[in-house]
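Spelled out, the chains give:
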Amino acid sequence: LRASATAGAIVGTRWRWGGVSGLVFGERGALKTPWGEGKWGIVPGDKTGEAIFVDFASALHNLKFDLGAGTFSSERVGDGEKVLGTKEPA
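Residues numbered from 1 in each chain as written. Predicted model: local features only at pLDDT ≥ 70, side-chain atom pairs only at ≥ 80, totals over all residues. Heavy atoms only, no water.

*Asks:* For the sheet that holds strand S1 (residues 14-17), give the residues involved together with the corresponding values.
*Replies:* Read around the closed barrel, eight strands run S1-S2-S3-S4-S5-S6-S7-S8, paired in antiparallel fashion. The average angle at which neighbouring strand axes cross in this sheet is 30°, direction not considered. Bridge count between S1 and strand S8 (residues 82-87): three bridges; the pairing is antiparallel. Directly across from Trp17, in S8, lies its bridge partner Gly85. (Pairing = 2+ DSSP bridges. Helix = DSSP H or I, 4+ residues; strand = E, 2+ residues; numbered from the N terminus. Axes fitted to C-alpha atoms, helices over the stretch in contact; angles between N-to-C directions.)

The structure is reproduced here in structure tokens:
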């Protein structure tokens, strides 16, 4: 995770998942969500090192961040459901 600029920028930050508060990217891939604990990391095989995955509530999602705008877009693996995330104020 240290090699990814995106991963480094999101550690310790809080986000809203589709308007629901409480998504926290912790150290070493730990993830807190309103739906329980999970994990996060760099999508395997991503050559840029900037595509992030989250895995929680028995579902895997791939995220693309726009850190300047304070948003991410998520696509759930399996059915393609999309969700928009927004950064919570510090």
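*Asks:* Quick rundown of the pattern of salt bridges? Include the residues and the values.
*Replies:* Counting across every chain of the model gives four salt bridges. Note that Arg14 and Glu88 form a salt bridge whose closest N and O atoms lie 3.3 Å from each other. Within this pair, whereas Arg14 is found in strand S1, its partner Glu88 is found in the segment after S8, the two being separated by 74 residues in sequence. Taking the shortest distance from any N to any O, the salt bridge between Arg76 and Asp79 comes out at 2.7 Å. (Salt bridge = Lys/Arg side-chain N within 4 Å of Asp/Glu carboxyl O.)

*Asks:* Break down unusual backbone geometry for me, with residues and values.
*Replies:* You will see that Arg28, though not glycine, has its phi angle at about 55°, which is positive. Following the sequence through the fold, Arg28 ends up in the loop between strand S2 (20-25) and strand S3 (30-33). For Arg28, a relative accessible area of 77% translates into the label exposed. Phi is positive for Ser58, which is not a glycine, with a value near 60°. By the element assignment, Ser58 lies in the loop between strand S5 (52-56) and strand S6 (59-66). (Buried < 20%, exposed > 50% of the residue type's maximum accessible area, 1.4 Å probe, protein only.)

*Asks:* Describe the pairing of strand S4 (residues 36-42), and please don't skip the residues or the numbers.
*Replies:* Where S3 lies against S4, four bridges are found, and the strand directions are antiparallel. Within S4, the residue paired with Lys32 across the bridge is Glu37. Between the end of S3 and the start of S4, which pair antiparallel, lie two residues. Relative to S5, S4 runs antiparallel, the two sharing five bridges. By the bridge assignment, Gly38 is partnered in S5 with Phe56.

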